[in-house]
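# Overview (structure and organization)
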Amino acid sequence: MQTFISIVIALLIFSVVVVIHEFGHFIVAIKNNVTVEEFSVGMGPRLLSRVSKKSGIRYSLKALPIGGSCAMLGEDEDNEEEGSFNSKSLGARMAIVFAGPFFNFILALLLSFIVIANVGTDEAFVVKIDNNSPAYKAGLRQGDKIIEYNGAYARLGREISIEEYVNPITEDGVSVKYIAKSDKKVHKINYTPAYENRYIMGMSYNGTSGPAEVSTVRKDSAFDKAGGMMGDIIISLNGEKITSGEDLVATLKENPLTGKQIELKVLRNSEERTLKFTPEMTKLYDRGFYYNGVRLKQNVGGIIKYSFVELRYEVVSVLKSLKLMVTGKVSADEISGPVGIVNMIGKSYKETKPMGMKVTILSLLNMTILLSANLGVMNLLPIPALDGGRLFLYLIELITRRKIPRDKEGFIHFIGFILLMGLMAFTLFNDIRKIF
């Protein structure tokens, strides 16, 4: 039953995100007098359908609840009759294509407003600092509001977290731009972080009262080589039972890792697995302060401001994740397709359901923000068959002032479609592999 509900919720979220995307194309096409032949919610055979007497547009509800479509006259044909997509100016065509991803960003922004209005946001500021740390000696103090971290925009605690994940601290130093609590002025400091040599497993996990679930796995680390995966739940360490992330933190504090082999037992899809490996000695750098990671309520001005900050964070997170994929800094286990996303939504629903309907809805809205921003960014990538691929070809047309022949444009998009199908097959196989 739990799995069925997760699938239904996931399909609803997918559908909303895709229908909003297609509605963006639809509304801008109408504004530019393009003939829209059909606007559909869902895919596959029609269940319900009605043709508007006023506009002639067919509105359809289809059998498969996986998105929607906006079919425009002559969109993928060498057709320039009046009202066809290709009969319009280059600017109009670019606006229609761009509108889909743009509406995804609008959806993410509006949902961010709702979430932040209810639970606030993790505004980045110093909550604790070691008085002997290089950061303190450089001038940073408790309560100072962080605005940049190592050159990256950082208004949220999550922005600092993702920056450290993408670009870990090294001996090159740390830079922090902040608004001092004492004088309300902007300051910038640079300092060399302290470090210690420590044995590590090569993964991070949830250290709260919830299950000790692995959240990230460093590629080629001891944990990775032993077969550990993101999403594994640690249930014992060297025979000692682990019931929560806090348990694991306490156990490691009492029994620090050494160069000796350890035995971890993990749960993966309700199946117990045993991992044996030797932790690796690593030089770990310490930024010297702790930043806020808790959502705090905002006033009206803060809600509006941080809604835009949230949207920016989601967009930048996707771009940084793509950078990690391209540079090979993330393993295949950290890449999820449709099945992985359904599991993620199901897990979110399961964990928040006992906390009440409001918390559950807000959690699912957060998931929708993530997916909508992802769809917006991914569709703007200059890949054939995507909106970004079309915009790239239109940009070439703008520069050369010559239309690309429709047969060549169609062939380019066909190749892109084949590549996308290959990527989808890979992510599906990867999701199934992680389950079994």
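In what follows, the accompanying structure is described. These numbers come from a predicted model, not from an experiment.

Reading the values: rules and limits
Residues numbered from 1 in each chain as written. Predicted model: local features only at pLDDT ≥ 70, side-chain atom pairs only at ≥ 80, totals over all residues. Heavy atoms only, no water. Helix = DSSP H or I, 4+ residues; strand = E, 2+ residues; numbered from the N terminus. Buried < 20%, exposed > 50% of the residue type's maximum accessible area, 1.4 Å probe, protein only. Contact = heavy atoms within 4.5 Å. Lys, Arg positive; Asp, Glu negative; His and termini not counted. Charge placed at Lys NZ, Arg CZ, Asp CG, Glu CD. Axes fitted to C-alpha atoms, helices over the stretch in contact; angles between N-to-C directions. Parallel < 35°, antiparallel > 145°, perpendicular 65-115°, else oblique. Left-handed = near helix turned anticlockwise from the far one by under 90°. Nonpolar A, V, L, I, M, F, W, Y, C, P; charged D, E, K, R; others polar. Salt bridge = Lys/Arg side-chain N within 4 Å of Asp/Glu carboxyl O. Arc of directions from axis to C-beta. Polar contact = N/O pair within 3.5 Å; in protein donor to acceptor, adjacent residues only side chain to side chain.

Let us now look at the overall build of the protein chain. Within the protein chain, the secondary structure is distributed over 11 helices and 16 strands. Buried positions account for 43% of the 436 residues belonging to the protein chain. Of the contacts made within the protein chain by residues no fewer than 6 positions apart, 65% connect residues no fewer than 24 positions apart. Counting 52 positive and 45 negative side-chain charges, the protein chain places the averaged centre of each group 4 Å from the other.

The next subject is the packing of helix 2 (residues 90-119) against helix 7 (residues 300-326). The description of two packed helices rests on the angle between their axes and on the distance between the axes. Direction vectors running N to C along helix 2 and helix 7 enclose 130°, while the axes themselves pass 8 Å from each other. When the axes of helix 2 and helix 7 are compared, the pair comes out oblique. Between helix 2 and helix 7 the crossing geometry is right-handed. Only Ile303, Ile304, Tyr306, Ser307, Phe308, Glu310, Leu311 and Val315 of helix 7 make contact with helix 2, whose side of the interface consists of Phe105, Ala108, Leu109, Ser112, Phe113, Ile116 and Ala117. Residues belonging to the contact of helix 2 with helix 7 are distributed by class as follows: 12 nonpolar, 2 polar and 1 charged.

Let's shift gears to the pattern of salt bridges. What the rule picks out here adds up to 15 salt bridges. Here Arg198 makes a salt bridge to Glu196, at a shortest N to O gap of 2.4 Å. Relative accessible area serves as the criterion here: at 41%, Arg198 is assigned to the partly exposed category. Under the relative-accessibility criterion, Glu196 is labelled partly exposed at 39%. Across the pair Asp232 and Arg268 runs a salt bridge, and its minimum N-O distance is 2.7 Å. Here Asp232, found in the loop between helix 5 (222-225) and strand 11 (233-237), pairs with Arg268, found in strand 13 (residues 262-268); they are 36 residues apart in sequence, far enough to count as distant. Comparing Asp232 with Arg268 shows no difference in burial state: the two are buried. Residues joined in a network through salt bridges with shared partners are Glu38, Arg46 and Lys62.

The subject of this paragraph is helix 6 (residues 245-254). Three or four residues apart is the spacing at which side chains of an α-helix point the same way, because the helix has 3.6 residues per turn. Residues of helix 6 that are buried include every one of Gly245, Leu248, Thr251 and Leu252, and no others. Take helix 6 and look down its axis: the buried residues cluster within an arc of 120°, on one side only. Of the exposed residues in helix 6, those oriented more than 90 degrees away from the buried face are Lys253 and Glu254. The inward-facing, buried residues of helix 6 contact strand 9 (203-205), strand 10 (212-217), strand 11 and strand 12 (240-241).

As for its position among the elements, Asn299 is in the loop between strand 16 (289-291) and helix 7. Residue classification places Asn299 among the exposed residues on the basis of a relative accessible area of 55%. Within the structure, Asn299 has its side chain in polar contact with the backbone nitrogen of Gly301 (distance 3.2 Å).

Shape descriptors only; they carry no functional weight alone.
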